[in-house]
Every structure is written in structure tokens, then in C-alpha cells.
Amino acid sequence: MAIITIATDFGTADGYTGAVKGVIKSLAPNCEIVDITNELTTIPKAAIALYRYSACFPDGTVHLIIIDPTVGAGRRALAGSDSRYYYVGPDNGVFSMLTWNRRSVDWYNIQEDRLPPREISATFHGRDIFGPAAAMISIGHRPEEFGDKTNDPVMIEIPKARKSGDLIAGEIIDIDSFGNLITNIQGGMLSGNYKVMLEGEKVPLGRTFAHVPLGSPITYIGSLGFLEIGVNKGRADIYFKAIIGSKVRVES
Amino acid sequence: MAIITIATDFGTADGYTGAVKGVIKSLAPNCEIVDITNELTTIPKAAIALYRYSACFPDGTVHLIIIDPTVGAGRRALAGSDSRYYYVGPDNGVFSMLTWNRRSVDWYNIQEDRLPPREISATFHGRDIFGPAAAMISIGHRPEEFGDKTNDPVMIEIPKARKSGDLIAGEIIDIDSFGNLITNIQGGMLSGNYKVMLEGEKVPLGRTFAHVPLGSPITYIGSLGFLEIGVNKGRADIYFKAIIGSKVRVES
Amino acid sequence: MAIITIATDFGTADGYTGAVKGVIKSLAPNCEIVDITNELTTIPKAAIALYRYSACFPDGTVHLIIIDPTVGAGRRALAGSDSRYYYVGPDNGVFSMLTWNRRSVDWYNIQEDRLPPREISATFHGRDIFGPAAAMISIGHRPEEFGDKTNDPVMIEIPKARKSGDLIAGEIIDIDSFGNLITNIQGGMLSGNYKVMLEGEKVPLGRTFAHVPLGSPITYIGSLGFLEIGVNKGRADIYFKAIIGSKVRVES
């Protein structure tokens, strides 16, 4: 029974995601829908969330992600696959982080007329295109059946940290719901003794926020494998007045 | 494996919907629960959401919807069926939009003593009546087993647009989480050239919000088949200071 | 097909719960995940929510609950079982209410090296320890396989009402999303005529909030079996300026 994960920015009160699920279950009665979220906010943050959960799933999972502010404006609809998963969503950069796993994804440009016939609205491709494509993949169809291969999916630049000598110049790329600051500095870049500066302020090193006093800041390798900055039972975003893009510097 | 969709106004933090799901899985271990929302707000808005998602599901789906401010006050509990689906919920108007699909629903007044025995609380019929009824239907029982037929379910008036000559007088009946304004003017009422006025202000026509500059308003046939008014990457409710009931006029 | 319920404080936007679900489905492809919430707020409130939904589920259900502010600080990870269910979560008191059902739970201290091998992060035991433990239980492993028995799980004191003669001294232990006030006075403690005082103000008795005028307060036996105080279509927390810990006194 194939799994389809669903992440959207639809909220739930209007029933939009419900409509997508209904279409999926109509086309693929035996698939298993796993809810991820209906609270996606920005495309970069959605790209990071997808990176966080997608690789935890069993091989063959179809990851459907819909944050689509330019629906109807001619942006392409993508279906893709790599060595483990399938992906379906709008061509707006939401898949940009997948390559950080060094995974190579083959992308195909979904053509409406290759999907089961239905009237296509101009504003709800989740129900009319993405949901049906994900459902069809879950029952055995392949992304390449839906359209031509494309080699230039939209990629948003999620900046990578740069190492030069003993210095690493990175930045905050995500702030999670607890206020933890996720940097773009991968754990593997770090070795020996080092110190971490966030916007010029030194942050103590540790294994986790529980290792410092209440309300104190700490930096550690987070669950995504990147350097993170947190505050024990507090919010690091507020503590540091940090935002996406705040500069982080590591000195060895 | 029968599907039961669940929409409530319970939120999730208290575990109320969890309790309903537990009761359902105890009575109908093989049913498939599909989450719609726990964030229903008003009965009219819930009625529109149900209209939006219900018909996307496969035949035989049981739609369970619980927004029940008058629980315990003697309002009836309904189970119903039409040619495709089953419905379970309180008799307070939440099913009022179903007839817009020209579907005829047979309604039955659920009697507590026709359900599997359990103590019935005065305040949580989702767990004690609606959930059990939905579960029993999903395993093959029919709504008519639960009580007498009723021909006067509560219907709330969701106003219909009126056409007279070249004019259509409609209004805003829903505002979605993106701030898009959904009117009660069905696409089929429109033909040829027309112009749309929202509270006296002309709104340009288009296929979707992506077709106007950022921050500009547009009107289009939305995914529900009704005329909608949106703002490209903005909120039409704020742009127009529109509310449920704001008047929309179409002139051909 | 074993059921695993999931309740967390992760929100959904970051994809943390998605990651937990992915790990679970990888280890236990046939389990059925039932979402409870991602909006747990405090440990006492989570304990009450667990009490509210857990016993509604079929025997054999695995209840996974993750609210874990001290992750990484050496707090133990627990897996337990009673005559009906399995439980997995942090040893911080979140299971404290289970004993109110007079259920006796056997607890075991989960050792990381008894779980399927994976790298264990310091900050995301939901994905790395609790999720895997729940998955393994759902496919037939027993809590005692994961570690030694522990007889001193952390218990938070959720105060019990005290009866002395004709008086019961209780307090508010939960406020639900509707603003209803849940006391710690169990229905079975009440008999005959009695009056209820909340912080010195008398609250009329009834079966449910629907039995008093709009905006009026009422006290009734709630769906959890405890005395509750509500306001018909209003919020009792606001009406009474009540908080967790506000005193309730019953005089017979």
C-alpha cells in the first residue's frame, strides 16, 4: 500500500486539503495518506521541512507538497523521482533542498491531458493536477508518463556555508516553531575546538539546550545535521533577535 | 474499507477528536479515518466546507461533521444518505449546502438506544452519538436503522444569487484562509461580457489572480464553480474590507 | 493492524511530526497512525488530554505522546503497558493521569541500544527513540525488551479533590479550547442536592450549558466524568476570570 504524504499551505478550515484527499482516494483507494502539515508558510521554509521529513519515509513513498502562490500563472507542475521517492508539486523551488542530500531527481513536466480527465480549475491545482498525479503514481504510474523531462526546475538559492581556512561563514536558514535557529553549517564541516558567533555574539557549545541553565543560549548539532542555536526552555529567535539570514561565523 | 471523514470545531489540544477517533476505531476497526479539519468556525462556513470536499470522495464515504454549539439542548442528531454518500452530524443546518448539488438526502433522526450501548454524556455527542453512528454505518448499517425519517432538517439560509434581466444580485458567502471572497454567483449564470461590482467598486475579470499585478484585485470562476474575488498575493478581504454578506452585482 | 496514536507539541510546519511518522512507517509498514494533536502545550494539560482520549481506543493501541522540554538532559524514555494499552514517551509526568483510571502501568526504561540501530540526535528523541519504540511495539515487541523495569516514573501532582463531611474542596485542573473549566471533582463524589461555588461565586447546576440562557454560566458533569463549569455559547474562563488552580467548593 503506497504512502502519499501531504503538505500544504491551505489550512484546514475551508476543506481544500479535504478535497485533495478525496480526489486521491477516488483514484487510488488503497493508498495511505499521511498528513504532514497544512501550515506551510514560505517556499524556502517548505523546502527545508520537506528535507526534514521526506527521507524518513519508506522507499516508494510519494511526497506531495503544495504551496503554490503562482497557481494559474503558467508555472510548471512537476512530478519527479530519485532512487527512493516520488515527488509531486509546483515548479517554484519547493524541491530545492533535495539536492543537499546529494540526491539526483529526474523531473517531468506534468501535462493536464495525461491525467485522468477532469475539469481543471485555474486556482486549485492541488485538487485538479497535483493530487491526481500523486494518486496515479501511487498506483504504479511513473512520472515520465505525465510529460517531458525537464532539466531546469526552479531552484531557490538556500545559501550554503562557506569555509575558508579556519573560518566558516554561515547564516540562519530556518527558525522552527520552538524558536530554535537552524544554520546552514553542516556538522561535518566542524572539527576540533571551535567557537560560534551569531551576529557578533559568542554562543556556548554543547550537545543540547538542556545542558545550560534555563533561559541560556547554546549551540549544538541539531537533528537535521546542521549547527543549531537554542535557548533552554526559551526562544533563541527572541533571545538573539535573529531572523532568517542572520549571520553565523565559526572560528576554529 | 469504508472511509469516514471527520470535520470538527474541537481543536486538537484537548484530545476530543482523539476520543471520537478511538470510539470509531473500536466499533469499526477496518474503517479508514480521513482528517478534514478540527478548526470549523461557524455553521454556514462549515456547510460550505462540507460542500467543497464531500463530493471529491469515493462513493460510500461517510462524512462525519461536528460543530455543535447546542449539544444537549434537544437538537436532533442526524444520519442521512444520498445516491453517493452517508452523512452524520447535528441537526443545525451544517448540511444545508448539500442541496446546492441538487442532491436529495434522506435524513433519519438518530435514537441513542439504537446505537451500541454506552453512557451518553450531555456535552460530547461527537464521542457518544455521532462517532458511533458513523462507525456503524461504515460497517454496513444504514441510517434508517437508527431512527425515523425526518423531512424537516434544519436548513440555514445561504442566500442564492438572483438574476433579473442583465443583472445578477449576489453576495459574499465565504472568505477562505487566503482572504479570497467566494460569492454565491455560480459560473453557469454568467455569459458573454459582464462586469463585476463589489460594494460599488468594479473588479477586473480574469482567469486567476496570477493574471494581474501583485496586490491587484481580480474576479474569476473559483474552484467551487462560483465567482470569486481575489488579490494577487494579497488578501481580498482586507483589500475590499469585505465581509460575509457584502453585496456583489454582475452586469451583462 | 496495530494503531499508533501520536500526540506532540511540535506544530506541523517544520515537518518534525512528519519525520516521526516516516520513521514509524519505515519500521512498521502495516501500523495505522492516528493523529491526535501537534498542539500540546503543558505537561499537565497533555496528561489530561491523554486521559481523555486514550481509553476510547481499541485494546492493543500504542499511545505515543511527545512533549519533551528536557530532551537530552538525561530524563528517561519510557515504554509501558497496562491491561489494555501500550504507552511510549518521555519520563516527565505526562502519564500521571493514567492512574486516575485505577490502571496499573508497568514501565520500562528504554535503552537506545535495544532499538533498531540509528544515529541518535540529542534533540529529537521523537524521531530517534520514541517513534522507533512505538513502531517496534506495534509489530509485536514488548516494552520489557527495551530496558529494565522502573517503579518510579516521574509523577506530576494533579491535585485531587478532598471531601470532608458535606464539603468538597476542588479546583480547576483544565481549561478546554471552548473555555470550559474542568474541575477535579469526580461525578461519583456528588449526591443529593448540592451547590457549587467557584472562587466564591455560586454556579447554577444543570445537565449542560444549553439549559441556561445565552451567556449564562452553569455547572454539570462533563464528558470526562468530572464536574465542569461552562457558559452557554460563551467562555467560562473569561466569564469567571478563572485559571488552572482556581478553587471550586461543593456544599451538600
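Our subject is the structure that appears above.
Notes on the structure follow.

Rules used in this analysis
- Position numbers for residues start from 1 in each chain and track the written sequence from start to end.
- Naming scheme: in the order in which they are written, chains are lettered from A and ligands are numbered from 1.
- Confidence filtering applies because this is a predicted model: local features only for residues at pLDDT of at least 70, side-chain atom pairs given and counted only at 80 or more, and all residues used for totals across whole chains, interfaces and linings.
- To obtain the side-chain values, all non-hydrogen atoms of the structure were used and water was disregarded.
- Strands are runs of DSSP state E lasting at least 2 residues, helices are runs of H or I lasting at least 4, and numbering of each runs from the N terminus.
- With the radius of gyration taken over C-alpha atoms, the globule rule is written as 2.2 Å times the number of residues to the power 0.38.
- In what follows, a contact means two residues having at least one pair of non-hydrogen atoms within 4.5 Å.
- Each accessible area is a Shrake-Rupley result for a 1.4 Å probe, and residues are judged covered by the shown protein chains and nothing else.
- Buried surface area refers to the total accessible area, computed with a probe of radius 1.4 Å, that the two partners give up upon joining, counted for both partners together.
- The rule for a salt bridge is simple: a side-chain nitrogen of Lys or Arg has to be within 4 Å of a carboxyl oxygen of Asp or Glu.
- Alignment of copies: least-squares fit on C-alpha atoms of residues with pLDDT of at least 70 in both copies.
- We call two N or O atoms a polar contact when they sit within 3.5 Å, provided that within protein one can donate a hydrogen and the other can accept it, with sequence-adjacent residues counted only if both atoms are side-chain atoms.

Some points on the overall build of chain A
Moving on, step 1. If you tally the helices and strands in chain A, you get four helices and 15 strands.
Moving on, step 2. Taken over the C-alpha trace, chain A has a radius of gyration of 20 Å; the compact-globule value for 252 residues is 18 Å, and the two agree within 12%.
Moving on, step 3. Taking as baseline every contact in chain A between residues at least 6 positions apart, the subset at least 24 positions apart corresponds to 67%.
Moving on, step 4. Surface summary for chain A: the accessible area is close to 9,600 Å², and the carbon and sulfur share equals 49%.

Some details on the interface of chain B and chain C
Moving on, step 1. Chain B puts 28 residues into the contact, and the matching count from chain C is 31 residues.
Moving on, step 2. Buried surface at the junction of chain B and chain C, both sides included, amounts to about 2,300 Å², of which 56% is carbon and sulfur.
Moving on, step 3. On the chain B side of the contact with chain C, D14, Y16 and T123 of chain B bury the most area, a combined 24% of that side's loss.
Moving on, step 4. The interface formed by chain B and chain C holds two salt bridges in total.

Concerning the relation of the copies chain B and chain C
Moving on, step 1. Superposition record for chain B on chain C: RMSD 0.0 Å, screw rotation 120°, translation along axis 0.0 Å. One copy is carried onto the other by what is essentially a three-fold rotation axis. Among all residues of chain B, the one whose C-alpha sits closest to the rotation axis is D35 of chain B, at a distance of 4.9 Å.

A word on the relation of the copies chain C and chain A
Each copy of the chain is related to the other by a rotation around an axis and a translation along that axis.
Moving on, step 1. Relative to chain A, chain C is turned by 120° and slid 0.0 Å along the rotation axis, the superposed coordinates differing by an RMSD of 0.0 Å.
Moving on, step 2. Residue by residue, only 4% of the interface of chain C is reproduced at the interface of chain A, so the copies engage with different surfaces.

Regarding the side chain of T12 of chain C
Moving on, step 1. Here T12 of chain C is to be found in the loop between strand 1 (3–8) and helix 1 (16–27).
Moving on, step 2. Ignoring any residue separated from it by four or fewer positions in sequence, one finds T12 of chain C in contact with I36, T37, N38 and E39 of chain A together with N38 of chain C.

As for the interface of chain C and chain A
Moving on, step 1. Facing 28 residues of chain C, the contacting portion of chain A comprises 31 residues.
Moving on, step 2. Buried surface at the junction of chain C and chain A, summed over both partners, amounts to about 2,300 Å²; 56% is from carbon and sulfur atoms.
Moving on, step 3. Counting the contacts that link chain C with chain A gives two salt bridges.
Moving on, step 4. A salt bridge links E32 of chain A to K25 of chain C, with the nearest nitrogen and oxygen atoms 2.8 Å apart.
Moving on, step 5. At the junction of chain C and chain A, the tally comes to 11 residue pairs in polar contact (both at pLDDT 80 or more).
Moving on, step 6. Looking at the side of chain C that touches chain A element by element, the count peaks at eight residues for helix 1 of chain C.

So, the environment of M197 of chain B
All names here are of chain B.
Moving on, step 1. Looking at the secondary structure, you find M197 in strand 11 (residues 195–198).
Moving on, step 2. Here the alpha-carbon distance between M197 and A169, two residues 28 residues apart in the chain, equals 9.9 Å.
Moving on, step 3. Contact partners of M197, with chain neighbours within four places excluded, come to K202, K247, V248, R249 and E251.

Everything listed here is a matter of coordinates, which is why it stays silent on function.
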